[in-house]
Amino acid sequence: MSKEERLGKETGVFQSHRHFWNNSPRTVLRTGPGRSGADPLRVRISDENIKGEFTPEMVDVEKLVNDIARTYQDLPLLNGDVFQCISFAGVVPWMEAIIGCHIYSLGKGGASMVANPANIEPSDLPQHLRSLLDNLNENAWFKKLSDGYQALAEVLGAKFPIANTLMRGPGDMVGALLSHENFVGLMLKPAVNKDFLNELLGLCAKIYIKTAKMQLEHSKEFKGGYCNGWGLWAPGLNVRHQDDEIALLSPKLYNEFFLPYDIQEANAFDYSTFGMHSGVMSLYNWRDFAKKTNFSAFEVALDPNGPTVENLMPTLLGMNSKKPLILVISNAEQAKVVEKHVGDFPGSILYNEVSRS
Amino acid sequence: MFNFDELTKAVVNGDSDASPELTKKALQAGIPATEILDKGLLPGMELIGKQFEKGEAFFPELLAAANTMKAAVALLKPELSKSKVPPAGKYIIGTVEGDAHDIGKNIVKMMLEQNGWEVTDLGTDVPAEKFCSAIEKGRFDILGLSALLTITMPAMDDVIKALKAAGLRNKVKVMVGGAPITQSFADQIGADAYAKDAVEAAKKAKSLVRR
């Protein structure tokens with residue numbers, strides 16, 4: 001492809017991404033192959049079987065950014081209909097780490113990390129989070145993430161757009177701090193615990209917003225905007241948000257505890273995508289979500305153990321009638337069904353390429 | 001005459017005051033603990049389970065019902081142990097190696113316990129050898145394997161292979177579950193059952209030991 005043709009294609013991509021955010025009818029975007037398996041830190045954890053407590057000192061920013069640069073050096077700017085975009089160490093549960101959870105690496109085979117509750121008395125948590133919020137720049141995990149984004153922008157920012165790392169929202173943060181079952185148990189007694197939980201959620205929402213904005217500030221603007229983790233460009237601050245804890249709530253508890261902070265997060269950015277799963281009960285809130293928040297797009301991960309895509313179609317079409325929709329396809333069977341219905345979606349959709357083998 | 005429906009309703013509503021109160025009343029009225037369990041408490045868990053399956057109840061309601069049931073069963077324990085009521089069965093459960101997610105496993109454990117199962121929990125990130133060693137030493141009806149990550153699904157296959165290699169496969173039924181798991185994956189690795197959620201896990205466990 002000549003330089004002119006490439007430029008033409010890129011210009012078309014910006015236009016199609018604007019259509020996506022406007023939920024323009026029948027806008028269908030497809031990604032190229034996913035690159036999550038190429039995360040150099042994930043690969044290193046698996047290869048070197050790094051297992052046990054994982055601390056910020058174990059992230060070597062310079063080495064990691066160089067490894068990322070090597071992984072991406074020969075890749076084109078576009079990946080299907082979206083941009084090839086880069087983020088820093090998505091394998092680390094950054095938000096849970098920043099607020100004081102113990103991060104545990106699962107080593108070979110697992111190549112994943114989990115956040116265990118912090119060793120802090122629940123009654124001390126509000127003060128802990130207030131102090132963290134006032135001194136966020138001093139936090140070792142926050143500093144590491146900040147260093148990572150500065151280095152990433154310096155080395156790769158001129159070639160590729162840079163997106164926020166995988167970030168979990170206030171619900172997941174508080175769930176990780178307290179343990180998930182305890183969190184739900186406390187929510188079941190709102191008369192006693194409502195103020196306490198709201199304080200924790202509110203502080204975590206502020207820490208979340210500050211951390212997301214820090215990454216965007218370090219990432220260089222890309223053609224007057226930013227890309228999210230999907231490589232979707234938007235002419236403004238653009239983040240992807242995820243709160244899997246929703247699966248453990250009911251609509252009543254969601255509205256009582258989570259919705260106010262989802263509204264705050266959506267208002268903090270120009271463009272935001274909210275990630276949900278289909279396999280657990282987390283799609284129940286989409287109507288309230290679409291009506292009461294300024295979130296720009298829905299993302300639904302089509303879990304293999306959840307309802308079939310055929311059964312989900314009425315919900316997906318309903319969601320898409322209100323907001324643009326990103327579908328995360330897990331297997332070839334789901335891909336076939338999505339493609340069969342692609343013309344039925346009333347608004348704009350993006351979905352990922354999956355292996356047909 | 002004691003009204004079992006009220007006790008059932010207290011469990012369904014997760015009413016942690018009414019449920020122990022009514023259980024005490026039933027005991028004072030001389031009703032055997034097994035009858036209180038079978039006619040009052042367990043139907044409540046069954047009902048909330050059905051509502052959950054239909055999407056009419058959510059996890060918090062399930063948790064509240066289980067906690068309510070737990071408080072009531074604690075009052076019945078002395079009587080139940082006197083009458084030597086055997087557990088519904090013995091279940092050993094764990095999240096496979098490489099995966100430290102435990103909430104799904106914990107919910108399954110909670111549902112099983114409230115349905116009368118004796119549950120041994122090996123925790124998370126459990127290597128195949130540890131499952132084998134526990135099954136070799138103890139007597140369990142069912143082994144439950146949990147995984148949340150696509151990349152840890154193969155570890156379930158490893159456990160089943162390790163059980164076969166150790167000559168333990170016929171000693172225990174294997175049930176699998178977790179977000180990326182499907183019936184076809186369960187069939188492919190030779191598991192005896194797949195459960196899509198905790199309510200189904202309790203149901204399938206019952207039917208597995210009946211066979």
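Residues numbered from 1 in each chain as written. Chains lettered and ligands numbered in written order. Predicted model: local features only at pLDDT ≥ 70, side-chain atom pairs only at ≥ 80, totals over all residues. Heavy atoms only, no water.

Enquirer: An account of the overall build of chain B is requested, with residue identities and associated values reported.
Expert: Each helix and strand in chain B was counted, giving 9 helices and 5 strands. Seen in sequence order, chain B has helices and strands lined up from the N terminus as α-α-α-α-β-α-β-α-β-α-β-α-β-α. Computed over its C-alpha atoms, the radius of gyration of chain B comes to 18 Å, within 12% of the 17 Å expected for a compact globule of 211 residues. On the principal axes, the C-alpha backbone points of chain B span a range of 55 × 35 × 30 Å. Looking at chain B as a whole, 53% of its 211 residues qualify as buried. Sequence separation of 24 or more characterises 71% of the internal contacts of chain B that already satisfy a separation of 6 or more. Only carbon and sulfur atoms are counted for the fraction: they give 51% of the accessible area of chain B, which is about 9,900 Å². Positive and negative side-chain charges of chain B, numbering 27 and 28 respectively, have mean locations separated by a distance of 5 Å. (Helix = DSSP H or I, 4+ residues; strand = E, 2+ residues; numbered from the N terminus. Rg over C-alpha atoms; globule rule 2.2 N^0.38 Å. Buried < 20%, exposed > 50% of the residue type's maximum accessible area, 1.4 Å probe, protein only. Contact = heavy atoms within 4.5 Å. Areas by Shrake-Rupley, 256 points an atom, 1.4 Å probe, with all protein chains shown as cover. Lys, Arg positive; Asp, Glu negative; His and termini not counted. Charge placed at Lys NZ, Arg CZ, Asp CG, Glu CD.)

Enquirer: Which residues make up the side chain of Asp39(A), and what are the values?
Expert: Take Asp39(A): it is sitting in the loop between β1 (27–30) and α2 (40–47). Not counting residues up to four positions away in its chain, the partners in contact with Asp39(A) are Ala89(A), Gly90(A) and Val91(A).

Enquirer: Provide a residue-level description of the sheet that holds strand β5 (residues 193–194) of chain B, including the pertinent values.
Expert: Residues and elements named next belong to chain B. With respect to topology, 5 strands assemble into an open sheet ordered β2-β1-β3-β4-β5, the strand pairing being parallel. Two strands close off the open sheet at either side, each with one partner strand: β2 (117–121) and β5. Inspection of the sheet shows strand β3 (residues 142–146) paired to strand β4 (residues 173–177) by 5 bridges, in the parallel sense. Within the sheet, the bridge partner assigned to Gly144 lies in β4 and is Met175. Together, β1 (89–95), β2 and β3 form the strand contacts of helix α5 (residues 103–114), whose direction differs from that of β2 by roughly 155°. Against the sheet, helix α7 (residues 154–165) touches β3 and β4, its axis set at about 150° to β3. (Pairing = 2+ DSSP bridges. Axes fitted to C-alpha atoms, helices over the stretch in contact; angles between N-to-C directions.)

Enquirer: Go over helix α13 (residues 332–340) of chain A with me, naming the residues and quoting the values.
Expert: All names here are of chain A. Listing the buried residues of α13 in full gives Gln334, Ala335, Val337 and Val338. The buried side chains of α13 occupy one side of the element, clustering within an arc of 165° when seen end-on. Turned more than 90 degrees from where α13 packs its buried face, Glu333, Lys336 and Lys340 sit exposed. Taken together, the buried residues of α13 touch α12 (309–322), β12 (325–328) and β13 (348–351). (Arc of directions from axis to C-beta.)

Enquirer: Give a detailed account of the interface of chain A and chain B, specifying residues and quantitative values.
Expert: At the junction of the two partners, chain A supplies 25 residues and chain B supplies 28 residues. For the pair chain A and chain B, the two sides together bury roughly 1,900 Å², of which 69% comes from carbon and sulfur. A per-residue breakdown of the area chain A buries against chain B is headed by Glu181(A), Met281(A) and Asn305(A), which together make up 31% of the total. Summed over the shared surface of chain A and chain B, the result is 2 salt bridges. With its nearest N and O atoms 3.3 Å apart, the salt bridge here joins Asp125(B) to Lys51(A). On the surface where chain A and chain B come into contact, there are 2 residue pairs in polar contact (both at pLDDT 80 or more). Going through the elements one at a time, β5 (102–106), α8 (180–187) and α10 (251–268) of chain A are the ones with two or more residues in the side of chain A that touches chain B. At 4 residues, α8(A) tops the list of elements feeding residues into the side of chain A that touches chain B. In terms of residue class, the side of chain A that touches chain B is built from 14 nonpolar, 7 polar and 4 charged. (Buried area = accessible area lost by both parts, 1.4 Å probe. Salt bridge = Lys/Arg side-chain N within 4 Å of Asp/Glu carboxyl O. Polar contact = N/O pair within 3.5 Å; in protein donor to acceptor, adjacent residues only side chain to side chain. Nonpolar A, V, L, I, M, F, W, Y, C, P; charged D, E, K, R; others polar.)

Enquirer: Provide a residue-level description of the sheet that holds β12(A), including the pertinent values.
Expert: All names here are of chain A. Pairing is parallel in the open sheet, where 6 strands are placed in the order β1-β13-β12-β11-β10-β9. What marks the edges here is a single partner per strand, and that holds for β1 and β9 (238–242). When the angles between neighbouring strand axes are averaged without regard to direction, this sheet yields 20°.

Enquirer: Please set out the nonpolar core residue by residue, giving values where relevant.
Expert: If you look at the biggest cluster of nonpolar residues, it comprises 162 residues, and the most contacted ones within it are Phe54(A), Phe88(A), Ile207(A), Leu316(A) and Leu41(B). Per element, the largest residue contribution to this core is 12 residues, and it comes from helix α9 (residues 190–218) of chain A. Beyond its immediate sequence surroundings of up to four residues, Phe54(A) is in contact with Leu41(A), Ile45(A), Val59(A), Val92(A), Ile103(A), Tyr104(A), Ser105(A), Met113(A) and Trp141(A). One finds Ile135(B), Val174(B), Ile181(B) and Ala191(B) within the second-largest nonpolar core, a separate group that totals 29 residues. (Core = buried A, V, L, I, M, F, W, Y, C linked by side-chain atoms within 4.5 Å.)

Enquirer: Let's hear about the pattern of salt bridges: which residues, and what values?
Expert: Charged atoms that come close allow side chains of opposite charge to pair. One pass over the structure, following the stated rule, counts 22 salt bridges over all chains. The closest approach of N and O atoms between Lys51(A) and Glu97(B), which form a salt bridge, is 3.9 Å. Note that Lys51(A) is positioned in strand β2 (residues 51–53) and Glu97(B) in the loop between β1 and α5, a pairing that runs across two chains. The class of Lys51(A) is partly exposed, set by a relative accessible area of 38%. Put simply, Lys50(B) and Glu46(B) hold a salt bridge, and the shortest N to O gap is 3.9 Å. Highlighted residues: Lys50(B) and Glu46(B), both in helix α3 (residues 33–53), separated by 4 residues, approximately one helical turn. Salt bridges here are not isolated pairs; linked through shared partners, they connect Lys51(A), Glu97(B) and Asp125(B).

Any link to function would need more than the numbers given here.
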